[in-house]
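Overview (structure and organization)
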Amino acid sequence: MAFIELDNLSHIYHQNQENEFYALCHVDLSIEEGEFVAILGANGSGKSTLAKHLNALLLPTEGHCRIDGMDTKTAGDVWNIRQQVGMVFQNPDNQIIAAIVEDDIAFGPENLGVPPAEIRRRVNAALKTVHMQNYRTFAPHLLSGGQKQRIAIAGALAMETKCLVLDEPTAMLDPQGREEVLSTVKRLHGEKGITIVYITHFMEEAAAADRIVVLAQGHIVGQGTPGEIFSMTDRLRQWHLDVPFAAQLAEGLRQKGIRLPKGIYEREELARELRKLAPGATDGKRNAD
Amino acid sequence: MPIELKHVTYTYMPKTPFERTALQDASLVIEEGSFLGIAGHTGSGKSTLVQHLNGLLSPSSGQVLIDGVDIHGKQTKAEKIAAREAKRKVGMVFQYAEHQLFEETVFADIAFGPGNLGLEEAEIAERVKEAMSLVGLPYEDFKDKSPFELSGGQMRRVAIAGILAMHPKYLVLDEPVAGLDAVGKEKLIKEMRQLHKKNITMIFVSHNMDDIADLADQVVFMGQGRILLHDTPAKAFREKDILREAGLCPPQMYSFLEELAAAGLPVDTGALTVKQGIEHIVRALSPKSE
Ligand SMILES: Nc1ncnc2c1ncn2[C@@H]1O[C@H](COP(=O)(O)OP(=O)(O)OP(=O)(O)O)[C@@H](O)[C@H]1O
Ligand SMILES: Nc1ncnc2c1ncn2[C@@H]1O[C@H](COP(=O)(O)OP(=O)(O)OP(=O)(O)O)[C@@H](O)[C@H]1O
Ligand SMILES: [Mg+2]
Ligand SMILES: [Mg+2]
């Protein structure tokens, strides 16, 4: 059995009311322990709704969600499930609760009954990872948008769960901050074998995943490796997703008659292919102005 | 007439342990009709700066002038009225715009601002419809929904529509496309361009240099509460040292061409957008291009 199993899962908001809304429709999805899965999809496609099922914040209207074999509908298991699945919410303000940054990060581990010395170690480590050591005694609501996002991520890291669900963790970060979060996630996945479910609108980040799952109107409409997904530029547009920079550029160049192989979506690869096509690629440089 | 910041310094929570000077002697002229992009690392003071543009924050020292009116000066009653009028010309979409939402339905939320302007019902409804279509929210599907029961990207669109419906003369958007999907982003960017053509002065904060290169005719880079640079995009992205100091990267196309050139491909660098870049590369690859 896979670590995460969604089995014919549907979620209806306001069931049996006039404004009833199917946010997820008969979703089947298995995620193995240690996998890194990115979830992509248009605004309103159901990504956050799906994420909230993974730590039993929402329960399926139909079907099942099982975490490590435990059904999220079994009330007695919710506690165990939350010890295994950490969550970074889409909006950090929904997550930050304490009046001081370090208390906020300690809150999760405290609830898990982690001993104080260990909590201190985890808080330090988490703050360091997100480069916010200097803000330890700050009030979270006085931080900038990106700083809040970092604190929310640190809070989830301090839980040291087997699985991390991150809902658009980098939306408000600068490029450097995004790079740092992504490399932290990759490290947790690579070194500690943490299972990662990563929701994003940034294709460059999704490219780091083992597998991409695409949602549209509550249905899973596509799955594959980043290479498979990103080479379908027409589909990407249909799904309201960005086309990665290199794929977009390669497509534009092909339209101008430059012969490039199919399926390019990484900058390095595109640069390599272009160098092959250059008339005498090694005769030195020429720069503008 | 422009918006002018004159030596603006802003300190949050002065004389407390949380005291922090987030803006340091910032002077800036935003000419009417310009399209200004503001970039800088997390915590560099961008949101603090833009919140001065409509008087939401008052400078600890220095002045803010909107169309020549000092919006905080020691004032007579007439001057106070003028200041209020001036501030109203500036529409502001916050960084977490979804927090601006508070009404029971999407319609009521977007109608709130125009309602405050004292417009007639029919005119208000017209503006709500127009604004919703501009941000890509189908009117019939969304008008009666609660703004709190929407997805993150949908909430953002409602918040932006609420400001657009007020038809401001200056429009300030703090990270407007964060969290929008590709279509939502494209729509909003197109809309920003159109508003600019209709003579609205646009000011936006973004971490995305591609968007800045694509839209802005002026850029400001911030670092540690200071304005490090104010110039055209073409010139600004050449300032490698300032970019590094601000913790920013140039647009993807710009750095990609530099990488190609460094690897020995004889390509002209300097293009900021994919469209320009394609031309540079095609030229470099065609056999007798000289
Ligand atoms: N509490 C709620 N009540 C009713 N409908 C809701 C609620 N929350 C979300 N929805 C609707 O369910 C659908 C899926 O929302 P969800 O938040 O899962 O989308 P998402 O894929 O995360 O989008 P985004 O990229 O904008 O964050 C949307 O159409 C939304 O309007
Ligand atoms: N209400 C406040 N009280 C005290 N300090 C604050 C407050 N708001 C912001 N700050 C501090 O002022 C500095 C500048 O914050 P600001 O929100 O302007 O940054 P920003 O450039 O918009 O960052 P981001 O890209 O993360 O949104 C930060 O160090 C922040 O911690
Ligand atoms: Mg969401
Ligand atoms: Mg900000």
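Described in the following lines is the structure provided in the data block. (Residues numbered from 1 in each chain as written. Chains lettered and ligands numbered in written order. Predicted model: local features only at pLDDT ≥ 70, side-chain atom pairs only at ≥ 80, totals over all residues. Heavy atoms only, no water.)

1. Describing the coordination of the magnesium ion (ligand 3)
Residues and elements named next belong to chain A. With distances of 2.0 to 2.2 Å, the protein atoms coordinating the magnesium ion (ligand 3) are S48 (OG) and Q90 (OE1). Here S48, found in helix α1 (residues 47-54), pairs with Q90, found in the loop between β6 (85-88) and α3 (101-111); they are 42 residues apart in sequence, far enough to count as distant. The class of S48 is buried, set by a relative accessible area of 17%. (Donors = N, O, S within 2.8 Å, 3.2 Å for Na, K, Ca; no water. Helix = DSSP H or I, 4+ residues; strand = E, 2+ residues; numbered from the N terminus. Buried < 20%, exposed > 50% of the residue type's maximum accessible area, 1.4 Å probe, protein only.)

2. Some words on the coordination of the magnesium ion (ligand 4)
Residue and element names in this part refer to chain B. Only S47 (OG) and Q95 (OE1) from the protein coordinate the magnesium ion (ligand 4), and they sit 2.0 to 2.2 Å from it. Taken together, the residues span a long stretch of sequence, with S47 in helix α1 (residues 46-50) and Q95 in the loop between β6 (90-93) and α3 (106-116) at a distance of 48 residues. Of the two residues, S47 and Q95, neither departs from the other in class, the shared state being buried.

3. A word on the environment of A:N134
With respect to the element layout, A:N134 can be found in the loop between α4 (116-129) and α5 (145-157). Considered as a pair, A:N134 and A:G41 are 93 residues apart in the sequence and their alpha carbons are 36 Å apart.

4. Quick look at the packing of aromatic side chains
Per the counting criterion, the structure on display carries 10 aromatic pairs over all chains. Their ring planes at 65° and their centres at 5.1 Å tell us that A:Y135 and A:F138 sit as a pair that is edge-to-face. Like A:Y135, the residue A:F138 is buried in the burial classification. When the centroid spacing of 4.9 Å and the interplanar angle of 85° are considered together, the rings of B:F102 and B:F112 count as edge-to-face. Here B:F102, found in the loop between β6 and α3, pairs with B:F112, found in helix α3; they are 10 residues apart in sequence, far enough to count as distant. Residue class for B:F102 comes out partly exposed when judged on its relative accessible area of 45%. Lying across the ring of A:F202, A:R178 places its NZ or CZ 3.6 Å from the centre. A cation over a ring is seen here: B:K145 above B:F142, with NZ or CZ 5.2 Å from the ring centre. (Phe/Tyr/Trp six-rings, centres within 6.5 Å; stacked < 30°, edge-to-face > 60°. Lys NZ or Arg CZ within 6 Å of the ring centre and 35° of its normal.)

5. Concerning the site of ligand 2
In the vicinity of ligand 2 lie 21 residues, with A:S144, A:G146, B:K46, B:S47 and B:T48 positioned nearest. Proximal residues around ligand 2 fall on chains A and B, making this an inter-chain site. Note that an oxygen atom of ligand 2 is positioned 2.7 Å from one of the side-chain N or O atoms of A:S144. A distance of 2.8 Å is found between an oxygen atom of ligand 2 and a side-chain nitrogen or oxygen belonging to B:S47. If you list the elements that add at least two residues to the shell around ligand 2, you get α5 of chain A together with β2 (20-30) and α1 of chain B. Taken together, the residues of the shell around ligand 2 break down into 6 nonpolar, 13 polar and 2 charged. (Near = heavy atom within 4 Å. Polar contact = N/O pair within 3.5 Å; in protein donor to acceptor, adjacent residues only side chain to side chain. Nonpolar A, V, L, I, M, F, W, Y, C, P; charged D, E, K, R; others polar.)

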